[in-house]
Amino acid sequence: MASTLQLEIVTPDAKVFSEGVEMVTLPGAEGEMGIYPQHVPLLTQIVPGEVIVRKEGRDYFLAVGDGFVEITGERVAIMTDMAIRAEHIDEARAEGARQRAEARLAGQMDDEESAMVSAALAHSLAQLKVKRRHQH
Amino acid sequence: MPSTRDIRRRINSVKNTAKITKAMQMVAASKMRRAQQAALSGRPYAALMNEVLGNVTHHVSDFTHPLMEKRGGPKRAVILIGTDKGLCGALNSNLMREASKFDKTTTVYITAGRKAAQFVARSRRTVAAEFSYKDAPLFNEARTISKFAREMFLNGAVDCVDILYTTFISTLSQRPEIRPFLPIGAIQPVKAGMAGERTEAMLMHGPTEFLFEPGADQVLAALLPHSLNFQVYQVLLEAKASEQSAKMVAMKNATDNANQLIKDLTLEYNKIRQATITKELLEIASAAMALS
């Protein structure tokens with residue numbers, strides 16, 4: 001019986017993560033989910049937020065964007081449009097992006113544009129949340 | 001026999017051409033690196049997306065989505081992805097040869113890139129829409145194309161949609177490829193090499209049924225359009241990488257040919273010059289002999 005999960009995190013730009021891990025916590029559309037090995041096959045959506053990866057007793061944190069997760073007994077595959085490890089998040093840049101996005105949301109624009117800006121805002125908020133939580 | 005002046009003029013003009021093609025080669029080379037990088041780094045995501053989609057559509061027996069409906073009618077749309085500019089070797093002609101194999105009467109074309117639009121207009125085929133994409137394709141551009149194709153399929157204007165594009169294999173090799181796009185279910189991996197990987201993965205998973213959270217219809221309603229958008233995006237990246245690679249190689253060949261031509265012309269120029277000098281010497285010598 002497998003005691004680890006193969007975790008794959010890919011974004012359109014790169015493969016961010018591909019390792020065996022003990023547990024993954026995901027920001028599911030209906031709240032956080034913890035995934036252990038031998039999970040029942042599941043396909044779900046995630047929202048921008050924080051992925052916690054437990055590997056060899058240590059926790060690693062990543063900020064992720066919208067996406068989909070395919071879970072089988074031995075594998076968790078996360079497809080998302082953004083995935084950044086906590087230690088790589090640039091807080092000043094994320095904060096700047098958040099402010100720009102908020103400023104633009106206040107103005108007038110069509111549906112498509114506003115969806116894009118909202119997504120950008122959610123991305124920077126997720127990054128800030130992860131970064132700030134683990135600084136202290 | 002051409003005069004030395006004519007040859008000198010030709011050498012100069014060929015030199016200028018060589019300079020231009022050399023510059024275009026450099027530009028294409030730098031764009032090519034970026035485009036290739038983009039195409040290659042998108043592949044893992046595309047492969048995983050295909051794999052997941054394959055698993056899901058095979059293991060969800062009691063659920064169908066309008067985008068998965070197989071109608072089997074003859075009406076077909078082809079998303080034809082060409083280039084904006086020429087000077088990229090046989091890339092477009094290879095692509096158009098494939099494009100002309102579809103039945104004229106039942107096929108409409110959705111084109112991306114100016115050359116694709118020109119081909120469709122010239123061969124008197126039906127255009128449904130023309131799109132353009134930039135040197136660095138944007139996800140938005142892909143989404144617009146994908147959305148248009150999806151709507152045509154959903155409102156019954158066509159029964160299936162294919163994508164015809166040039167897949168990037170290496171700098172020296174690109175091949176036109178046809179991929180079924182809609183209905184979903186006949187999904188094929190982006191790259192031929194990934195086919196093995198997927199079947200292996202399918203065996204590994206076995207006939208497991210997937211659970212969906214929040215619900216199958218909700219997850220699929222989000223996943224299917226997204227995966228289609230992404231497929232178009234990846235195809236645009238591949239086409240761009242192919243275009244820049246082909247352009248780089250074509251321009252390199254042109255530069256090499258020009259340099260070879262310069263060498264040949266210089267040789268001929270020197271021969272003629274020497275012949276002229278020899279002839280003049282002979283004339284002087286014979287004139288001197290006649291006088292003495």
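Note: the structure precedes this text.
Source: prediction; values computed, not measured.

Cut-offs and rules
- Residues numbered from 1 in each chain as written.
- Chains lettered and ligands numbered in written order.
- Predicted model: local features only at pLDDT ≥ 70, side-chain atom pairs only at ≥ 80, totals over all residues.
- Heavy atoms only, no water.
- Helix = DSSP H or I, 4+ residues; strand = E, 2+ residues; numbered from the N terminus.
- Buried < 20%, exposed > 50% of the residue type's maximum accessible area, 1.4 Å probe, protein only.
- Areas by Shrake-Rupley, 256 points an atom, 1.4 Å probe, with all protein chains shown as cover.
- Polar contact = N/O pair within 3.5 Å; in protein donor to acceptor, adjacent residues only side chain to side chain.
- Contact = heavy atoms within 4.5 Å.
- Buried area = accessible area lost by both parts, 1.4 Å probe.
- Salt bridge = Lys/Arg side-chain N within 4 Å of Asp/Glu carboxyl O.
- Arc of directions from axis to C-beta.

Once that is clear, we can look at the overall build of chain B. Each helix and strand counted, chain B has 6 helices and 6 strands in total. For chain B, the N- to C-terminal ordering of α and β elements is α-β-α-β-α-β-α-β-β-α-β-α. Counting over 292 residues, chain B shows a buried share of 47%. Surface summary for chain B: the accessible area is close to 14900 Å², and the carbon and sulfur share equals 57%.

Backbone phi values are negative for most residues with the exception of glycine, while trans is the configuration of most peptide bonds. Of note, the bond from Leu182(B) into Pro183(B) is cis; its omega dihedral lies within 30 degrees of zero at -5°. Positionally, Pro183(B) belongs in the loop between β5 (173–182) and α5 (195–205).

Residues and elements named next belong to chain A. Positionally, Glu95 belongs in helix α1 (residues 91–106). With a relative accessible area of 16%, Glu95 lands in the buried category. Here Arg132 takes part through its side chain, which lies 2.9 Å from a polar atom of the side chain of Glu95. In this view, Glu95 contacts Leu128 and Arg132; residues no more than four positions away in its chain are not counted.

Each partner contributes to the interface: chain A provides 26 residues, whereas chain B provides 28 residues. Around 2300 Å² of area is buried between chain A and chain B when both sides are counted, 66% of it from carbon and sulfur atoms. Counting across the interface, chain A meets chain B through 1 salt bridge. Glu51(B) is paired through a salt bridge with Arg75(A); the nearest N and O atoms lie 3.1 Å apart. One can count 4 residue pairs in polar contact (both at pLDDT 80 or more) joining chain A with chain B.

Before going further, it helps to spend a moment on helix α3 (residues 114–122) of chain B. Residue and element names in this part refer to chain B. Of the residues making up α3, those classed as buried are Ala116, Ala117, Phe119 and Val120. The buried residues of α3 all sit within an arc of 160° when viewed along its axis, so they share a single face. Exposed positions of α3 whose direction lies more than 90 degrees from the buried face are Arg114, Ala121 and Arg122. Contact partners of the buried residues in α3: β1 (76–81), α2 (91–99), β2 (107–112) and β3 (126–131). Following α3 by one or two positions, Arg124 has its phi on the positive side, about 55°.

These results come straight from atomic positions and should not be treated as a statement about function.
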